[in-house]
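Observations on the model geometry
As a plain string of letters, each chain reads:
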Amino acid sequence: MTNPLDMDLELSDEEMHLYSRQILLDGWDIEAQEKLKLANVLIVGCGGIGCTTAELLARAGVGQITLIDADTIEMSNLQRQIAYVEENIGFYKAEILAKRLQQINPHIRVESQTVKLDESNAEALISAQDLVLDGCDNFTTRYLVNQTCKQFNVPLISASAIGFQGQLFMVEGESACYECLFPKEQHANENLRCADSGVLATTPNVMASLQAHHALLYLGLGKTPLKQKLMLWDGLSMKQRLLAFEKDTDCPICQAR
Ligand SMILES: [Zn+2]
């Protein structure tokens, strides 16, 4: 984990107070809390998933959060994207969300990027992170995030939600990757957008909470329960399944490593 020189390593009295309910936990201690403080996390997409994931990580005490999203807030976002209110319509999602996180927790650093994550900035944005959390709304970005995380050995927790369904999994180290699970030729031209398929207000927030929870387990305790496992959550039956998936021997991303 990297540590900016001008940031205090140890938790202040105020931070100890702020995070006291976590530090009290059996199985979570000051050391775990300090690991959160030192962590650099990139959140890709500030929509229904990114809003909630970012807020939970900010409250929990993740020290450096970078947000990227090129979109501005629209009326139809307010139904599920919990960081935004009507007067934010027309403003950049990443900027409004960053401001909110900073209001919630002034002890962390938040950076916002109001551009699309693409070939030109992926390496600079991803290579120095301790963890990337993907909650974007299209396959092109998902494949690029996966590829760049694999290339620079940055762990990735990917969450998605559409309609009543959600998915979550982790790519870490030598594990199988997103492209092993969803070969590109099957999805490259599809768009996974709530604008086309609809989404219940709660679905992305359920998946975001699970994504943020997994992120805390990983950053604080080094746990990887969903590494190479796909969690499927069905919002109608409220059943959840865990499917183990294997490395695809033909996966171009894993072969390139
Ligand atoms: Zn792969």
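Remember, predicted model here, so these are calculated numbers, not experimental data.

Quick notes on the coordination of the zinc ion
Around the zinc ion, the protein contributes the donor atoms Cys177 (SG), Cys180 (SG), Cys251 (SG) and Cys254 (SG), at 2.3 Å from the metal centre. Its four donor atoms give the zinc ion angles of 100 to 121° at the centre, a pattern that matches the tetrahedral case. Read in sequence order, the donor residues for the zinc ion give the motif C-x2-C-x70-C-x2-C. The buried category is assigned to Cys254, whose relative accessible area is 13%.

What to know about the sheet that holds strand S3 (residues 109-113)
The strand order S3-S2-S1-S4-S5-S6-S7-S8 describes an open sheet built from eight strands, whose pairing is mixed. Sheet topology places S3 and strand S8 (239-244) at the edges, where each strand pairs with a single neighbour. Direction aside, neighbouring strands of the sheet carry axes that sit 15° apart on average. As paired strands, strand S1 (residues 40-44) and strand S2 (residues 64-68) are joined by five bridges and run parallel to one another. Pairing of Val41 across the sheet is with Ile65, part of S2.

Re the nonpolar core
In terms of nonpolar packing, the biggest core is built from 46 residues, with Leu57, Val62, Ile65, Leu67 and Leu131 touching the most fellow members. By residue number, the principal contributor to this core is helix H11 (residues 202-221), which donates seven residues. Leave out the neighbours within four places in its chain, and Leu67 touches Ile43, Cys46, Ala54, Ala94, Leu97, Ala98, Leu101, Val110, Glu111, Ser112 and Gln113. Membership of the second largest hydrophobic core comes to 30 residues, among which are Val132, Phe139, Ala176 and Leu232.

Overview of a nonpolar patch on the surface
Taken together, the side chains of Phe164, Leu200 and Leu236 define a hydrophobic patch exposed on the protein surface, amounting to about 300 Å² of accessible area. Along the polypeptide, Leu236 turns up in the loop between strand S7 (229-234) and S8. Exposure remark for Leu236: the relative accessible area of 63% places this residue in the exposed category.

A closer look at the environment of Thr53
Relative to the assigned elements, Thr53 resides in helix H4 (residues 48-60). Relative accessible area serves as the criterion here: at 0%, Thr53 is assigned to the buried category. It is 18 Å that separates the C-alpha atoms of Thr53 and Thr141, two residues lying 88 residues apart in sequence. Residues within four places of Thr53 in sequence aside, it is in contact with Ile43, Leu133, Ala208, Gln211 and Ala212.

Comments concerning the pattern of salt bridges
Taken as a whole and judged by the stated rule, the model has seven salt bridges. Between Arg100 and Glu55 there is a salt bridge; the shortest N-O distance is 2.8 Å. Of this pair, Arg100 sits in helix H5 (residues 93-104) while Glu55 sits in helix H4, and the two are 45 residues apart along the sequence. Here the salt bridges share partners, and the residues they tie into one network are Glu55, Arg59 and Arg100.

Focus on the packing of aromatic side chains
Enumeration according to the criterion identifies five aromatic pairs in this entry. Considering the side-chain rings of Phe169 and Tyr178, the 5.6 Å spacing of their centres and the 15° angle between planes classify their relative orientation as stacked. In this pair, the class of Phe169 matches that of Tyr178, namely buried. Ring geometry for Tyr178 and Phe182: centres 5.2 Å apart, planes at 55°, overall tilted. Here Tyr178 matches Phe182 in class, with each residue buried. The rings of Phe139, Tyr143, Phe169, Tyr178, Phe182 and Phe245 are connected pair by pair, giving a single aromatic cluster.

Reading the values: rules and limits
Residues numbered from 1 in each chain as written. Predicted model: local features only at pLDDT ≥ 70, side-chain atom pairs only at ≥ 80, totals over all residues. Heavy atoms only, no water. Donors = N, O, S within 2.8 Å, 3.2 Å for Na, K, Ca; no water. Tetrahedral: all angles 85-135°; square planar, octahedral: opposite > 155°, others 65-115°. Buried < 20%, exposed > 50% of the residue type's maximum accessible area, 1.4 Å probe, protein only. Pairing = 2+ DSSP bridges. Helix = DSSP H or I, 4+ residues; strand = E, 2+ residues; numbered from the N terminus. Axes fitted to C-alpha atoms, helices over the stretch in contact; angles between N-to-C directions. Core = buried A, V, L, I, M, F, W, Y, C linked by side-chain atoms within 4.5 Å. Contact = heavy atoms within 4.5 Å. Patch = residues over 30% accessible without salt bridge, like charges linked within 9 Å, V, L, I, M, F, W, Y side chains within 5 Å. Areas by Shrake-Rupley, 256 points an atom, 1.4 Å probe, with all protein chains shown as cover. Salt bridge = Lys/Arg side-chain N within 4 Å of Asp/Glu carboxyl O. Phe/Tyr/Trp six-rings, centres within 6.5 Å; stacked < 30°, edge-to-face > 60°.

So far we have only geometry, and geometry alone does not tell us how the molecule works.
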